[in-house]
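Chain by chain, the residues:
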Amino acid sequence: MIYLNGKFVPIEQAYIPVLDRGFIFGDGVYEVIPVYSRKPFRLANHLQRLQHSLDGIRLKNPHTDEQWQDLLVQIIAANEGDDQYLYLHITRGVAKRDHAFPAGIAPTVFIMSNPLLTPPQELLLTGVPAITAQDNRWGRCDIKAISLLPNVLLRQLAVDSGAMETVLLREGFLTEGAASNIFISKNNVLLTPPKSHLMLPGITYDVVLELAQAHAIPYEVRAISEEELRTADEVLLTSSTKEIMPIVSLDGKLIGDGKPGLMFKQLNQFYQQYKAVTMRGGNAAAV
Ligand code: PDD
């Protein structure tokens, strides 16, 4: 069952008009929210980021946080599996094709749920390969826009070369992954770039930094050069669906000893514990 513009329907029965501006212009934003044990994880943060994305494209939020929560609870209940991921998608709506905003139209609101398939244990034990590429996206990567063509092309480069992710570099500095945020570890210090218009402000990124703080893991949020990335002891990717994963090679060259390191193991353990605590109704913050 999915939700489309006020109705809950089976996905096969859900249609949108071809003049939807999401279809014509990619004019919309989205969110991906993990659900563990039927509870949305860090919901308030995801709804805040959704508001940020909507503000970024000058589209009024069609719902209050309470209304979103209510819709999400219904979608979770209507779908199988305790662990799901929710996909929320809002476009500017349906109008005759013209680039500028049309007046007086209602946005299209779509929500679906899929099973949440977190990475298999084997991959966490062996780690995964990644490649690098120049970050050729636009200057508002902080907006979770549905127009994802650059990300699609960049991610496909990874798939074509048998890698898990494409790590992006802009003017000699690390930005993020094609669909994830990136951390490195050097001399037992966790490093990640600061939030800016050049990357998505990841919710998992926030959780990892909170966990580092809570467990007294030294960390620095600062610009990371290509040289530092390539000579890191460890490289990690984070996202709502992949959680935390160890990257053990970049462009075919091993990172450190080519095995998941202590920084990954610690953070992943803390992340799994934190998930378990929040799902039992514990504190929302990791600290
Ligand atoms: N993508 N950066 C990009 C470009 C992303 O697409 C994502 C997540 C992230 C990680 O953000 P978060 O920790 O909030 O999931 C960073 C989602 C999972 C997707 O598009 O499917």
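Residues numbered from 1 in each chain as written. Predicted model: local features only at pLDDT ≥ 70, side-chain atom pairs only at ≥ 80, totals over all residues. Heavy atoms only, no water.

Peer 1: Please set out the pairing of strand 7 (residues 128–134) residue by residue, giving values where relevant.
Peer 2: In terms of burial, strand 7 is a largely internal element, 5 of the 7 residues being buried. Of the strand pairs in this sheet, strand 7 and strand 14 (residues 243–250) are connected by 3 bridges, and their pairing is parallel. Bridged to P129 within strand 14 is S249. By the bridge criterion, 5 bridges tie strand 7 to strand 8 (residues 165–170) in an arrangement that is parallel. (Buried < 20%, exposed > 50% of the residue type's maximum accessible area, 1.4 Å probe, protein only. Helix = DSSP H or I, 4+ residues; strand = E, 2+ residues; numbered from the N terminus. Pairing = 2+ DSSP bridges.)

Peer 1: Give a description of the pattern of salt bridges that names residues and reports values.
Peer 2: Going through the model one piece at a time under the given rule, you end up with 17 salt bridges. Close ionic contact of R92 with D27 constitutes a salt bridge, the shortest N to O distance being 2.7 Å. Here the residue R92 occupies a position in the loop between strand 5 (84–91) and strand 6 (108–115), and D27 occupies one in the loop between helix 1 (21–25) and strand 3 (28–36), the gap between them amounting to 65 residues. D27 carries the same exposure label as R92, and that label is buried. Across the pair R140 and D142 runs a salt bridge whose closest N-O atoms are separated by 3.0 Å. Take R140: its relative accessible area is 26%, and that puts it in the partly exposed class. Members of the salt-bridge network, linked through shared partners, are D135, R137, R170 and E176. (Salt bridge = Lys/Arg side-chain N within 4 Å of Asp/Glu carboxyl O.)

Peer 1: Go over the domain arrangement of the protein with me, naming the residues and quoting the values.
Peer 2: Per the domain assignment, the segments making up the protein are domain 1 (2–115) and domain 2 (121–279). Here the C-alpha centroids of domain 1 and domain 2 sit 26 Å apart. Taken together, the contacts link 25 residues of domain 1 with 23 residues of domain 2. A combined buried area of about 2,000 Å² lies between domain 1 and domain 2, and 64% of that area is made up of carbon and sulfur atoms. Across the contact surface, domain 1 and domain 2 share 1 salt bridge. (Domains from an automatic or database assignment. Contact = heavy atoms within 4.5 Å. Buried area = accessible area lost by both parts, 1.4 Å probe.)

Peer 1: Outline the packing of helix 2 (residues 43–56) against helix 3 (residues 65–77), supporting the account with residue identities and numerical values.
Peer 2: Put simply, helix 2 and helix 3 touch, their axes get as near as 11 Å, and they point 120° apart. On the basis of their axis angle, the class for helix 2 and helix 3 is oblique. As for how helix 2 packs across helix 3, the hand of that crossing is right-handed. Residues L43, L47 and L50 of helix 2 touch helix 3, and the partners they reach there are D65, W68, Q69 and L72. Its residues assigned to classes, the contact of helix 2 with helix 3 comprises 5 nonpolar, 1 polar and 1 charged. (Axes fitted to C-alpha atoms, helices over the stretch in contact; angles between N-to-C directions. Parallel < 35°, antiparallel > 145°, perpendicular 65-115°, else oblique. Left-handed = near helix turned anticlockwise from the far one by under 90°. Nonpolar A, V, L, I, M, F, W, Y, C, P; charged D, E, K, R; others polar.)

Peer 1: Any details on the side chain of D27? Residues and values, ideally.
Peer 2: Since its relative accessible area comes to 10%, D27 is described here as buried. A distance of 2.7 Å separates a polar atom in the side chain of D27 from a polar atom in the side chain of R92. In this structure, D27 is in contact with R21, G22, I57, T91, R92 and I146, ignoring residues within four places of it in sequence. (Polar contact = N/O pair within 3.5 Å; in protein donor to acceptor, adjacent residues only side chain to side chain.)

Peer 1: If you had to explain the site of the ligand to someone new, which residues and values would you point to?
Peer 2: Near the ligand there are 20 residues, and of these Y30, R49, E176, T204 and S240 occur at the shortest range. Y30 is positioned with one of its side-chain polar atoms (N or O) 2.7 Å from an oxygen atom of the ligand. One of the side-chain N or O atoms of T204 is found 2.5 Å from an oxygen atom in the ligand. Relative to its unbound accessible area of 480 Å², the ligand is 89% covered by the protein chains. (Near = heavy atom within 4 Å. Areas by Shrake-Rupley, 256 points an atom, 1.4 Å probe, with all protein chains shown as cover.)

Peer 1: Quick one: what's the story with the environment of N181, residue by residue and with numbers?
Peer 2: For N181, the location among the structural elements is in strand 10 (residues 181–186). In this structure the C-alpha to C-alpha distance between N181 and T238, which are 57 residues apart in sequence, comes to 5.2 Å. When near neighbours in sequence (up to four residues on either side) are disregarded, N181 contacts E176, M199, L200, G202, Y205, L236, L237 and T238. Within the structure, the side chain of N181 is placed 3.4 Å from the backbone nitrogen of G202, a separation counted as a polar contact.

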